[in-house]
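# What the coordinates show
Given next are the chains, with one letter for each unit.
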Amino acid sequence: MENNTAENGLMRRRGAGSCIRTGYGLYADNFKSILKSSWIPALVYSLICAAIGALCVIYIPEMAVTTLRGGVSGTETTLLPQTMLAVLIIAGGLVEIVFYSCGMSLLRSHKANGSIDKIRKRFYFDLRTAVRTLKITLAIIIVCAVSTAVLWVAYIYLLNSIGLKTIELWKSLVIMSFFAVIVNIFMLPFIFPFMKYILNDNVKLADTLTSGYVTGLRRLHFILAVAFITMCVTVAAGTIIQLPTIILATANAQSIYGTVYGDPLGMPDYMPVLTAATFFIAGFMQTYIRMSVLFPLYYAYGSTETFFKEKAESKKQRNTIEE
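Keep in mind the model is a prediction, meaning the values are calculated, not measured. (Residues numbered from 1 in each chain as written. Predicted model: local features only at pLDDT ≥ 70, side-chain atom pairs only at ≥ 80, totals over all residues. Heavy atoms only, no water.)

## Section: the overall build of the chain
Applicable threshold: Secondary structure elements are defined from DSSP: runs of H or I of at least 4 residues count as helices, runs of E of at least 2 residues count as strands, and each element is numbered from the N terminus. Partly exposed residues are those whose accessible area sits between 20% and 50% of the maximum for their type, while under 20% is buried and over 50% is exposed, using a 1.4 Å probe and protein chains only. Contacts between residues were defined by any pair of non-hydrogen atoms, one from each residue, lying within 4.5 Å. To be clear on the numbers: accessible area is Shrake-Rupley with a 1.4 Å probe, and residue cover counts the displayed protein chains and nothing else.
When its secondary structure is counted, the chain shows 10 helices and zero strands. Reading the helices (α) and strands (β) of the chain from amino to carboxyl end gives α-α-α-α-α-α-α-α-α-α. The buried share of the chain, taken over its 323 residues, is 41%. Put simply, of all contacts in the chain between residues at least 6 apart along the chain, 83% involve residues at least 24 apart. By element, 68% of the accessible surface of the chain is carried by carbon and sulfur atoms, the whole surface being about 18,200 Å².

In structure tokens form, the structure reads like this:
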């Protein structure tokens, strides 16, 4: 159990480095409780990853090759696999939200009690936290989707207005990458209302989403620093874990390419099982790497709350002295 000392208490002003160090420390010290509280959704998510991996790496390419040889219809190789893939992706997203809510429920406990209690049950699930996590996540996704659509329409309108209905590929990629970076940067302030809405039961979604975004925007440089460093750590660790899946996918792609041009060997019969098992293990490990991001952001939220609270109190004291 982690005590609520001055070192790891939530409501304290911290720099970006302190948020990251304290957050990862809290995550590491309580990993056993985190694992106990979330292993079931992590397991389900990993099974979905295994199904997606086998579908994308083995079955869809093999069905495409069969179609080229005239074995099955094009509809069978496109519509059915794509439908299955879409269902699996949506299911995986929902399960992942449930998984993150398990971590957020522990952070709610830490905020209220100053500690993360040891989980004595085999699985701990807080429905209230899961619902609030789902609501705020879907709200942010909708805002991101609408913002992206508006920027895309503005991009097309800009091209038409200057008479460029067609544009070189590399220029288009540069412009689209620029828009993507801008959208992602201005989505970062949503980290603050995301944390605030889940950690506090007495706040409403609409109010938190609007006022919380403004608060996060005022501390964008701070949130950006914390998010950027934690994302670098997550991407680096995630890439290492995903290497076996990348190797398998590359090997299967080369095999498919050879099969199209007459190579009779192909991949071994155990390849689908090996692929599913590899994606399962990688998916399970990836969930807990991504879960760790919540903990530095948790302290970034607490630091931001404290910053504006102290600023308001300081202003109030100055006004009192002047009167």
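Having seen the structure, we can now continue with the description.
## Looking at helix α7 (residues 205–218)
For clarity, the cut-off: Each residue after the first adds 1.5 Å to the expected span of a helix.
Counted at 1.5 Å a residue, the expected span for α7 with its 14 residues is 20 Å, and the 20 Å between its end C-alpha atoms agrees. Every buried residue of α7 is accounted for by Thr-208, Leu-209, Gly-212, Tyr-213, Thr-215 and Gly-216.

## So, helix α4 (residues 127–161)
A rise of 1.5 Å per residue sets the reference length of α4, with its 35 residues, at 51 Å; its end C-alpha atoms lie 51 Å apart and thus fit the reference within 8%. For α4, the complete set of buried residues consists of Thr-129, Ala-130, Arg-132, Thr-133, Ile-136, Thr-137, Ala-139, Ile-140, Tyr-155 and Leu-159.

## Side note on a nonpolar patch on the surface
Here is the rule we go by: Think of a patch as exposed residues, more than 30% relative accessible area, with no salt bridge, where like charges cluster within 9 Å and nonpolar side chains (Val, Leu, Ile, Met, Phe, Trp, Tyr) cluster within 5 Å. Criterion for a salt bridge: a side-chain nitrogen of Lys or Arg within 4 Å of a carboxyl oxygen of Asp or Glu.
On the surface, Phe-31, Leu-35, Trp-39, Ile-40, Leu-43, Val-44 and Leu-47 cluster together into a nonpolar patch covering about 530 Å² of accessible area. Summarising the element assignment, Phe-31 is placed in helix α2 (residues 31–68).

## Remarks on the nonpolar core
Cut-off, in case you're wondering: What is meant by a nonpolar core is a set of buried Ala, Val, Leu, Ile, Met, Phe, Trp, Tyr and Cys residues, joined one to another through side-chain atoms within 4.5 Å.
Core analysis: the biggest nonpolar cluster contains 47 residues, and Leu-107, Met-195, Val-226, Leu-294, Phe-295 and Tyr-298 have the highest contact counts within it. Filtering out sequence-adjacent residues up to four positions away, Tyr-298 remains in contact with Leu-10, Leu-26, Leu-107, His-110, Lys-111, Met-195 and Leu-199. Listed in part, the seven residues of the second largest apolar core include Tyr-45, Ile-48, Cys-49 and Val-95.

## Some words on the packing of aromatic side chains
Counted only if it meets this: Side-chain rings of Phe, Tyr and Trp, where Trp is taken by its six-membered ring, are said to pair if the distance between their centres is within 6.5 Å; with planes under 30 degrees apart they count as stacked, over 60 as edge-to-face, and otherwise as tilted. Note on criteria: charge over ring means Lys NZ or Arg CZ within 6 Å of the ring centre, with the direction from the centre no more than 35 degrees off the ring normal.
Tallying each qualifying case throughout the model produces 10 aromatic pairs. Ring geometry for Phe-31 versus Tyr-288: centroids 5.7 Å apart, planes at 70°, classification edge-to-face. On the criterion of sequence distance, the pair formed by Phe-31 in helix α2 and Tyr-288 in helix α9 (residues 271–291) is long-range, its members being 257 residues apart. Here the aromatic cluster, defined as three or more aromatic residues joined through ring pairs, consists of Tyr-27, Phe-31, Phe-99, Tyr-100, Phe-284, Tyr-288 and Phe-295. Residue placement shows Arg-132 over the ring face of Tyr-197; its charged tip is 3.8 Å from the ring centre. One cation-aromatic arrangement involves Arg-219 over Phe-222; the distance from NZ or CZ to the ring centre is 4.6 Å.

## A look at the environment of Asn-30
Along the chain, Asn-30 falls in the loop between α1 (16–29) and α2. Taking the relative accessible area as the measure of exposure, Asn-30 reaches 4% and is therefore buried. Once the C-alpha coordinates of Asn-30 and Ile-119 are considered, the two residues, 89 residues apart in sequence, prove to be 9.9 Å apart.

## Some points on the confidence of the model for the chain
Counted only if it meets this: The score called pLDDT rates the predictor's confidence residue by residue, from a low of 0 to a high of 100.
Averaged over every residue, the pLDDT of the chain is 83; residues scoring 70 or more account for 86%. Confidence, expressed as mean pLDDT per element, reaches its minimum in the chain at helix α5 (residues 169–187) with 78 and its maximum at helix α6 (residues 191–199) with 93.

## A few points about the side chain of Ser-33
Summarising the element assignment, Ser-33 is placed in helix α2. Among the residues examined, Ser-33 registers a relative accessible area of 7% and is labelled buried.

## Remarks on the packing of α4 against α6
The condition is simple: Between N-to-C directions, angles cover 0 to 180 degrees, with each direction set by a line fitted to C-alpha atoms, over the stretch in contact for helices. Orientation is classified from the angle alone, with under 35 degrees giving roughly parallel, over 145 giving roughly antiparallel, 65 to 115 giving roughly perpendicular, and any other angle giving oblique. Crossings are sorted by hand: turned counterclockwise from the far helix by less than a right angle, the near helix makes the crossing left-handed, and turned clockwise it makes it right-handed. Gly is put with the polar residues, along with every residue not named as nonpolar or charged; the nonpolar set is Ala, Val, Leu, Ile, Met, Phe, Trp, Tyr, Cys and Pro, and the charged set is Asp, Glu, Lys and Arg.
Contact geometry for α4 and α6: axes closest at 9 Å, N-to-C directions at 155°. When the axis of α4 is compared with that of α6, the two are roughly antiparallel. The hand of the α4/α6 crossing is right-handed. Residues Thr-129, Arg-132, Thr-133, Lys-135, Ile-136, Thr-137 and Ile-140 of α4 form the contact with α6, whose own contacting residues are Pro-193, Phe-194, Tyr-197 and Ile-198. Taken together, the residues of the contact of α4 with α6 sort by class into six nonpolar, three polar and two charged.

## What about the side chain of Ser-105?
Keep this limit in mind: Counting of polar contacts relies on pairs of N or O atoms within 3.5 Å, with two restrictions inside protein: one atom must be capable of donating a hydrogen and the other of accepting it, and residues adjacent in sequence are counted only when both atoms are side-chain atoms.
Within the secondary structure, Ser-105 sits in helix α3 (residues 74–113). In this structure the side chain of Ser-105 is engaged in a polar contact, spanning 2.6 Å, whose partner is the backbone oxygen of Cys-102. Not counting chain neighbours up to four residues away, the residues in contact with Ser-105 comprise Tyr-124, Asp-126 and Thr-129.

## With respect to the packing of α6 against α7
The N-to-C vectors of α6 and α7 enclose an angle of 140°; their axes lie 7 Å apart at closest approach. When the axis of α6 is compared with that of α7, the two are oblique. α7 is crossed by α6, and the crossing has right-handed handedness. Note on element contacts: α7 touches α6 through Leu-205, Thr-208, Leu-209, Gly-212, Tyr-213, Thr-215 and Gly-216, opposite Phe-192, Pro-193, Lys-196 and Tyr-197.

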